[in-house]
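Survey of secondary and tertiary structure
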Amino acid sequence: MRIFLTLLFIYFAFLIQTAIKRFTPELVLLLLVIFALYEQKGMVLILGLFAGFCLDLINPKTFGFNLIICLVVGFGVSALQGYIYHGGRYLFILLGLTLVLRYFLAFVLLNATPPLIEIIVASLIILILVIPLHSLIHRLFCNQWKPA
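Residues numbered from 1 in each chain as written. Predicted model: local features only at pLDDT ≥ 70, side-chain atom pairs only at ≥ 80, totals over all residues. Heavy atoms only, no water.

1. Things to note about the packing of helix α1 (residues 2–19) against helix α2 (residues 27–38)
This is how it is decided: Every axis corresponds to a line fitted to the C-alpha atoms, with the helix fit spanning only the stretch in contact, and the corresponding angles, defined between N-to-C directions, vary from 0 to 180 degrees. Secondary structure elements follow DSSP: runs of H or I no shorter than four residues count as helices, runs of E no shorter than two count as strands, and numbering proceeds from the N terminus. Roughly parallel refers to an angle under 35 degrees, roughly antiparallel to one over 145, roughly perpendicular to one between 65 and 115, and oblique to any angle outside these ranges. Two helices crossing with the near one rotated counterclockwise from the far one by less than a right angle form a left-handed crossing, whereas a clockwise rotation gives a right-handed crossing. Should any heavy atoms of two residues lie within 4.5 Å, those residues are counted as being in contact. Three categories are distinguished: nonpolar for Ala, Val, Leu, Ile, Met, Phe, Trp, Tyr, Cys and Pro, charged for Asp, Glu, Lys and Arg, and polar for the others, with Gly belonging to the last.
Put simply, α1 and α2 touch, their axes get as near as 8 Å, and they point 155 degrees apart. Viewed along their axes, α1 and α2 adopt a mutual orientation that is roughly antiparallel. Both α1 and α2 take part in a crossing whose hand is right-handed. Together, Thr6, Phe9, Ile10, Ala13, Phe14, Ile16 and Gln17 of α1 and Leu27, Val28, Leu31 and Phe35 of α2 make up the contact between the two elements. Partitioned by chemical class, the residues of the contact of α1 with α2 number nine nonpolar, two polar and no charged.

As structure tokens, this is what we get:
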């Protein structure tokens, strides 16, 4: 049931992300980074595969690019899971590095990046949404029963 809910969250983020035409924030990558902090590596790879496949369905000309980005980001964050504290500033750093990696690889490999103002506005939107989404996901998925 938990994997179904996480896939559903990523799918809804994908639908919202594709519905926004200008200044598109990377909501799927944001949720992938947040889930990668709490889930096991196998589940994160499934989430990255699903998220990348959904994002690649939008533009078949670059099919596979988002899949690779989501798999690398998901596996990289889940590999760092034991070494970092799940606080806000580390989440900002991880998300900032993820966005830089995504836009840099899009520029180098595909020579296709949106205008700089769109990248800046979309990144600021994502960085504003980090803390509320992180607290929501943490409350929904990470509260475990503890013995008294």
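2. Observations concerning the pattern of salt bridges
Definition in use: The working definition used for a salt bridge is a side-chain nitrogen of Lys or Arg within 4 Å of a carboxyl oxygen of Asp or Glu. Only protein chains enter the calculation, and the probe is 1.4 Å; a residue is then buried if its accessible area is under 20% of its type maximum, exposed if over 50%, and partly exposed in between.
The tally for this structure, following the rule as stated, stands at two salt bridges. A salt bridge links glutamate 39 to arginine 2; the nearest nitrogen and oxygen atoms lie 3.0 Å apart. Of this pair, glutamate 39 sits in the loop between α2 and α3 (41–56) while arginine 2 is found in helix α1, placing the two residues 37 residues apart along the sequence. According to the relative accessible area criterion, arginine 2 is partly exposed, its value standing at 31%.

3. Points about the environment of cysteine 142
Along the chain, cysteine 142 falls in the segment after α6 (116–141). Here cysteine 142 falls in the buried class, since its relative accessible area comes to 18%. Separated by 120 residues in the primary sequence, cysteine 142 and arginine 22 place their C-alpha atoms 33 Å from one another. Here cysteine 142 is in contact with Tyr38 and Ile137, once residues within four sequence places are set aside.

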